[in-house]
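Breakdown of the fold
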Amino acid sequence: MTEPRYVCIHGHFYQPPRENPWLGAVEAEDSAAPYHDWNERIAAECYAPNTAARVLDGQGRIVRIVDNYRRISFNLGPTLLSWLEQHRVDVYRAVLESDRASRELHGGHGSALAQPYNHMIMPLANARDRQSQIAWGVRDFERRFGRRPEGMWLPETAVDTATLDDLAAAGIKFTVLAPHQAARVRAASTPASAWESVGAAVDPTMPYTVNLPSGRTIVVFFYDGPISRAVAFEQLLADGLRLSGRILGSASDRAERPQLLHIATDGESYGHHHRFGDMALAVALDDIDKRPDVHLTNYGEFLELFPPTHEAEIVEATSWSCAHGIERWRNDCGCNSGGHGDWNQRWRAGLRATFDWLRDSLAGPYEREISLLVRDPWAARDEYIDVVLDRSSTAIGAFFERHAPRPLTEDQIVHALQLLELQRFLLLMYTSCGWFFDEVSGIETTQVLRYAGCAVQLAEDTLALRPGLEAEFRERLGRVPGNLPELATAEVVYDRLVAPARVDLVRVGANFAVTTLFPNGRGTGAERPPVDAVEAGANGGTRRPSALSPFESTLFEGYATAAWLYQFEIHRLDHRITHAGRARLAIGRVRVVSSTTRESEEVTYGILHLGDHALTGGARPSPGPAAYEAMAADVGAAFHQADVPGTIRALDRHFAGFSLSLNSLFRDLRRRTVDDVLAATLAETEAVHRSLYDDQAPLLRFLVSLNVPLPAGLQATAELVVAADLRRALHPVRIDPAEIERLLNEARDLGLTLPADTLAFTATTTLADLARQLESAPHSPAVQAELARAVEAVSRLPFPVERWSAQNIVDRWLGDSSPPDPALVALAEALGFATH
């Protein structure tokens, strides 16, 4: 074969947005346990491992650690990148660096592709939404990667000619489609009548030019369908050499031109859907890279080297994941996730029609209202992404300098931001995942209903022309059928799963108030510092801290005057907390400010905690300083007299209609607060079990010696105590290999079942914590010894423990040590490296 072969593997890395849109943060998702949420879990299983994939030798030892992103083509959805920036900044930075490095490898062409902002099915969008989705995707990409995108991945590869024309108008040079999305092709040198209908037989080894009605053009790469499907559904990632062999074997021996052998896959295949898929990918890339007649490339480089010689026309309104075109996102076409053969998806059409009605009915009022504040309502929306990416006063000021015909007052800025946030939610509610799965009450569909609920709330608050909007919206949802009797319509889903999540500034103030009584309930991982104090990040973005939150570090030590709770800034105007035995009374006033709209409200609260979960009180819009002082005096007088019923009656008088309880807390705060409440009870419970276990241990051993099964109650007690002791022995501050060994022997001798998942998670966290200490002091004998002890201890556990972080850090420092540090070499060997 004389003509060179080029290989490109594309990974589409994307997760549905998962945040509570009123809070701007992902709350706990129990199905992702032991991780906090699915973003966190998939980051650990896929996004992070692909920044440092292992290449093993024949004995299963690590030979090299490689970054897969540098050698593949990839796109990460903007909403996923935003989450990574805040919660996995190590992965975020690695992805940006991978694109920069790929430019050096591929003649200035980066491997990252852009994506329409929130994974909207573009052929189902109206012209304005398509334009905004592309504009936001391009701008988000520029701010993160520091360059213009050459290519853009289309959600679900859903395409029509209008979408391609809009991509070309935005300066996008190419996109990637499935082979069945090609209608016909011809050589550019042949007559215009020489089209050949090709269907799925399109040649995937060459790019094609698509001529558009506007006179613009765009290039399409049609990926290899059979190999891409084999990666996803045929266990091709079970062996990296099989993957490389399959890709290389797709080349034609008779080709008279350079061939591009390329596949396109879900990025989550590499580690999440297929465990160790990241390692298989690394092996495949290594195998391809070592061949002198094969070149790893990306789409931008190949396009520059070998411009299209053929033209193509697409099949309109098609996608890679629906056999019926794009019906999966608007009709009961039969495409579903499987597992519920008696279900239907008739709800899809009604949900989309309801959302279209909501969007269209608000377009005119939005235009009229915001036209009083900005020159062009839709140009302002297209550029609002700059504010979404940077909510600082400087960025907001610059935005309105560009778009407002005159300086705006603070109230006008707040109003304009509310209207633009309304439009943001109207875009987000079309996220494709809301229609992809089987049931209208599924978490993905509930998520898009939440976005719609935010839009409805903002519309009723800001557009006087739309009173009663929510009632009409709910009535339309009532016609959308579900499959579950208890959630029979989308209206029921909205009422039960969406409306309770609604947040206003008073509820934020109430949550803050409760946390002052439960200081250990703080720190959801969602808090952040004032926007203006955030350091500038790479490429003009913002960098949020990934370690200790200012909410944790300042709020509960002296009650600082300002703190953050999710995306809300809390200014403490007054706070009084009084103790009487176990009872505590908190009274105060705060000003709550939204970082997204700048709207603010003063909130007054009064809360009585009688111990455990007994909590009563309320929070309300502040009636003013005089009324606040009267309330404080009235409630405080009863409390100081130890008159609990009188205190409760006083709180009821002053907060009638504004009561709160532990159930009023946001999910993460509620759980952490409940943990606070339960801590003493759980400690007492464990003490009781421990006493029983200590008393009965000789009897248990005797029963085991007789091969008599342990009574269920005694076995449960033993398992609880031994597991609790193991968790303590695995603590990074005092990890105890001897104690771990003793406890494991005890569990084995007694035939106990240990909670492998939770103990493995604890051990993984311990190794990661100790590895971070090593990162700060790589040549400290004490730190090295402590990590070595931990590695030895966890190696004895009867279940696998993830050593990923420790391996990365030791590998990095070992590579930087010259001559090699013997202690680091020993650590590397203990962690599974081949060092000789």
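See the structure above.
Now for a description of the structure that goes with this document.

Calculation rules
Residues numbered from 1 in each chain as written. Predicted model: local features only at pLDDT ≥ 70, side-chain atom pairs only at ≥ 80, totals over all residues. Heavy atoms only, no water. Core = buried A, V, L, I, M, F, W, Y, C linked by side-chain atoms within 4.5 Å. Buried < 20%, exposed > 50% of the residue type's maximum accessible area, 1.4 Å probe, protein only. Helix = DSSP H or I, 4+ residues; strand = E, 2+ residues; numbered from the N terminus. Contact = heavy atoms within 4.5 Å. Phe/Tyr/Trp six-rings, centres within 6.5 Å; stacked < 30°, edge-to-face > 60°. Lys NZ or Arg CZ within 6 Å of the ring centre and 35° of its normal. Patch = residues over 30% accessible without salt bridge, like charges linked within 9 Å, V, L, I, M, F, W, Y side chains within 5 Å. Areas by Shrake-Rupley, 256 points an atom, 1.4 Å probe, with all protein chains shown as cover. Salt bridge = Lys/Arg side-chain N within 4 Å of Asp/Glu carboxyl O.

Counting 101 residues, the largest nonpolar core has F355, L358, F400 and F473 as its most contacted members. A total of ten residues in this core trace back to one element, the largest contributor, which is helix α14 (residues 410-428). If near-sequence neighbours (up to four positions away) are discounted, F355 is found in contact with M429, Y430, W435, V448, L449, A452 and F473. A114, L177, I218 and L237 belong to the second-largest nonpolar core, a separate cluster that totals 72 residues.

By the secondary structure assignment, R71 is in the loop between β3 (62-66) and β4 (73-76). Those residues in contact with R71 that lie beyond four places of it in its chain are V66, A282, L285, D286, D289 and L296.

A word on the packing of aromatic side chains. Evaluated as defined, the whole model comprises 27 aromatic pairs. Taking the centre distance of 5.6 Å and the plane angle of 90 degrees together, the rings of F174 and F221 count as edge-to-face. Here F221 lies in strand β9 (residues 217-222) and F174 lies in strand β5 (residues 174-177), a separation of 47 residues in the sequence. Assigned by exposure class, F174 and F221 land together as buried. Between F355 and W435 the ring centres are 5.7 Å apart and the planes differ by 90 degrees, which places this aromatic pair in the edge-to-face class. Of this pair, F355 sits in helix α10 (residues 347-370) while W435 sits in helix α15 (residues 433-436); the two residues are 80 residues apart in sequence, bridging distant segments of the chain. Of the two residues examined, F355 and W435, each falls in the buried class. Clustering of aromatic rings is evident, with ring pairs tying together Y117, W136, Y384, F399 and F400. Taking the ring centre of W435 as reference, the NZ or CZ of R352 above it sits at 4.3 Å. The ring of F425 carries the charged tip of R424 above its face, separated from the ring centre by 4.7 Å.

Counting through the fold element by element, I42 comes out in helix α1 (residues 38-47). Judged by relative accessible area, which is 2%, I42 ranks as buried. I42 sits 243 residues away from L285 along the chain, and the two C-alpha atoms are 22 Å apart. I42 has contacts with Q15, R18, Y47, E268 and H272, leaving out every residue within four places of it along the chain.

Our next topic: a nonpolar patch on the surface. Together, L699, F702, L706 and V708 make up a nonpolar patch on the protein surface, roughly 340 Å² of accessible area in all. Examined against the element boundaries, F702 turns out to sit in helix α23 (residues 667-705). Classification of F702 by relative accessible area gives partly exposed; the value is 46%.

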